[in-house]
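Here's the letter readout for the chains.
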Amino acid sequence: MIAAFASEIICAVVAIILQAVVAPYLAIGFAVPNIALAFAVAFSAASRRTTICIMPFLVGLAYDLLGSGPVGAMALLSLLASIVAVNLVVRFENGTPFVPIAALCIVILGADLLYAVICVTCGWDVGLGEALLTRSLPSWAYDTVMAVILYPLCRFILRPKPDEMDLTSIG
Amino acid sequence: MQLSFQDTDHRISRIIAVVLIVCGIAMIAVYAIEGSDGPLHRAQQGIHAIMAPVERVGAGIGQVEQAAEDAVADATADEATLSALRERNAELTQLLTQAEEYRLESERLRGLLELKDIYKLEGVSARVIGRSTDAWNQTITLDVGEEEGVAKGLTVMGPSGVIGQVVAVSASSCTVRLLSDPNSGVAAQIQSSRVEGIVRGSLTGALHLENVDADAQVNQGDVVLTSGLGGSFTKGLLIGTVVRVEGNAKDGTRVIVVAPNEEADALEEVTVVFSASESARIIRKDAADGSNGSSDQTGSQSSAEGDGSSSGGAASSDAASESSAAQMTGGAQGGDGA
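What you are looking at is a predicted structure, and each value in this text was computed from that prediction instead of being measured.

1. Some remarks on the overall build of chain B
Moving on, step 1. Regarding its fold elements, chain B presents six helices and 12 strands.
Moving on, step 2. Expressed as a percentage of its 338 residues, the buried residues of chain B come to 39%.
Moving on, step 3. Restricting the contact set of chain B to residue pairs at least 6 apart, pairs at least 24 apart contribute 59%.

2. Some thoughts on the nonpolar core
Moving on, step 1. Among the nonpolar cores identified, the biggest contains 110 residues, and A:Phe39, A:Val41 and A:Ala42 are the most heavily contacted of them.
Moving on, step 2. Shared between two domains, this core holds at least three residues of each, these being domain 1 (2-68) and domain 3 (122-337) of chain B.
Moving on, step 3. Sequence-distant contacts of A:Ala42, defined by excluding residues within four places in its chain, comprise A:Leu104, A:Ala147, A:Leu150, A:Tyr151 and A:Cys154.

3. Side note on the sheet that holds strand β4 (residues 162-169) of chain B
Residue and element names in this part refer to chain B.
Moving on, step 1. The strand order around the closed barrel formed by six strands is β1-β2-β5-β4-β3-β12, and the pairing between neighbours is antiparallel. Adjacent strand axes in the sheet meet at a mean angle of 45°, parallel and antiparallel pairs treated alike.
Moving on, step 2. Alignment of strand β1 (residues 122-131) against strand β12 (residues 269-274), held across six bridges, turns out to be antiparallel. Bridge pairing in β12 links Ser125 to Thr271.

4. Describing the sheet that holds strand β7 (residues 196-200) of chain B
Residue and element names in this part refer to chain B.
Moving on, step 1. Around the barrel, which closes on itself, the six strands sit in the order β6-β7-β8-β11-β10-β9 with antiparallel pairing between neighbours. Across this sheet, the average inter-strand angle for adjacent strands is 40°, counted without regard to direction.
Moving on, step 2. In this sheet, strand β8 (residues 207-210) lies alongside β7 in antiparallel orientation, the contact comprising three bridges. Across the sheet, the residue bridging to Arg200 is His208, located in β8.

5. A few points about helix α3 (residues 55-66) of chain A
All names here are of chain A.
Moving on, step 1. Taking 1.5 Å of rise per residue, 12 residues should cover 16 Å, and α3 covers 16 Å from first to last C-alpha, within 8% of that figure.
Moving on, step 2. Burial of α3 is extensive: 11 of the 12 residues sit out of reach of the surface.
Moving on, step 3. Here α3 has its buried residues at Met55, Pro56, Phe57, Val59, Gly60, Leu61, Ala62, Tyr63, Asp64, Leu65 and Leu66.

6. Observations regarding the pairing of β7(B)
Residue and element names in this part refer to chain B.
Moving on, step 1. Pairing of strand β6 (residues 185-190) with β7 involves five bridges; the strand directions are antiparallel. Its bridge partner being in β7, Val186 is matched across the sheet by Val199.
Moving on, step 2. Linking two consecutive strands that pair antiparallel, namely β6 and β7, is a turn of five residues; a positive phi of about 60° is found at Arg194 within it.
Moving on, step 3. Following β7, the chain reverses through six residues before pairing antiparallel with β8; Gly205 in that reversal takes a positive phi of roughly 90°.

7. Structural notes on the interface of chain B and chain A
Moving on, step 1. Of the residues lining the interface, 39 residues belong to chain B; the matching set on chain A comes to 40 residues.
Moving on, step 2. Among the elements of the structure, α1 (2-33), α2 (39-75) and β1 of chain B are those that each provide at least two residues to the side of chain B that touches chain A.
Moving on, step 3. Of all the elements, α1(B) adds the most residues to the side of chain B that touches chain A, at 13 residues.
Moving on, step 4. Tallied by class, the residues present in the side of chain B that touches chain A amount to 20 nonpolar, 14 polar and five charged.

8. Details of the packing of α3(A) against helix α4 (residues 73-92) of chain A
Residue and element names in this part refer to chain A.
Moving on, step 1. Here α3 crosses α4 at 150°, and the two axes come no closer than 7 Å. For the element pair α3 / α4, the angle class is roughly antiparallel. When you trace α3 past α4, the crossing you get is right-handed. Between α3 and α4, the contacting residues are Pro56, Phe57, Val59, Gly60, Leu61, Tyr63 and Asp64 on the first element and Ala73, Met74, Ala75, Leu77, Ser78, Leu79 and Ser82 on the second.
Moving on, step 2. Residues of the contact of α3 with α4, tallied by class, amount to 10 nonpolar, three polar and one charged.

Rules used in this analysis
- Residues numbered from 1 in each chain as written.
- Chains lettered and ligands numbered in written order.
- Predicted model: local features only at pLDDT ≥ 70, side-chain atom pairs only at ≥ 80, totals over all residues.
- Helix = DSSP H or I, 4+ residues; strand = E, 2+ residues; numbered from the N terminus.
- Buried ≥ 20, exposed ≤ 12 C-beta atoms within 10 Å, placed from the backbone.
- Contact = placed C-beta atoms within 7 Å.
- Core = buried A, V, L, I, M, F, W, Y, C linked by C-beta atoms within 7 Å.
- Domains from an automatic or database assignment.
- Pairing = 2+ DSSP bridges.
- Axes fitted to C-alpha atoms, helices over the stretch in contact; angles between N-to-C directions.
- Expected span 1.5 Å × (residues − 1).
- Nonpolar A, V, L, I, M, F, W, Y, C, P; charged D, E, K, R; others polar.
- Parallel < 35°, antiparallel > 145°, perpendicular 65-115°, else oblique.
- Left-handed = near helix turned anticlockwise from the far one by under 90°.

Quick look at the structure:
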């Protein structure tokens, strides 16, 4: 339990550092990967934990503070996206990788679209349609790729350790 | 019993989720309502200051990435490309010589006419140590801050044109909002016709010249400068060149697209420009202190007053005007080229 918690914290810190240091240099056009969101959603989906974890909120908040956008926006969206992702994966789990990938696609699309809405609502002098087309969609594609890459890594990190396995199931 | 624990866990989880959602919404609302000096904005600026040293590592990554791209491009360049580059090099050398002639001629004319509005460009050089961490903002982080005399609102220039404005400052770093950012706006004028307007960034990265009189004639190739109106940007600095005029001015659909003279993406070093009058004050204070140059600019901007008639100030102004003229000439060429 403690090991899982520690690994979660370490991964979150690494994701935030990558967001601050590496993400700006991975930009393709105007699409800068949102490693924080991708990690939060992928980790939550990989954990299959339906109980709420504060990590997605904190990672999103760190993203907000590192950037110049509205503080609280990505924290809120990251939390909501994680909750929806976990519930989708748990509800439609069928043992194939299709369900988690589809869940990641859907929740990240929702988060990126809502982020555009929040930015425009907060006074950005741009049209909503333009914001969705020029920022949300490219960001969604990039973030989804990042999340799909991070998902198996998170599954690997969260795999049950031998001493944590349910011994009653043996024999 | 186990089920009961799970129920309790879920209930607590739901309460935490609701609290966090409310916190998130409240923060967004406060951020939207508060000014740039509000607690959330200040927290953001504080984090930027803390992360500035970490972002320097990223600058190294950027250089490695650029070097790799260059290496690949060099390795795959064919003979035709090399020939084209040689021709371009010869052409540029010729243009440079011509530009130098224009610069010298411009200086002589300026001296003869005793123009008072010569450029007293004074600034501090800075290295780009970080770039925007999100897709929604076009900002860069520089390695100079309050300790070097940088203040909020100062203009930032690349080698040949304005790239943005300082929007946040910490002790040893500052954040610059680029002209291409949708939230940026700079009072501008067209050099030839003196028509005024506002250059705004957009989500597509293009600059648009807006609020231009419907009667004003704007042509492709017109050079756009900062007008200094509003006092937020230093006057007379090159922004870019008009590359496209779309729509009709009469029915209000005219869109004037300006190509920035400076591509901020590729910049590694920039100059933070202090205002002309402040620059003169710095020089006078330095002269009064008996120090040479403008090495100590901290605090001097606001401390000294005068009329700018000292020889030190004049010499510096000349040097600055040379620098500005060189930038202008280079900028115009760049714009034409674009």
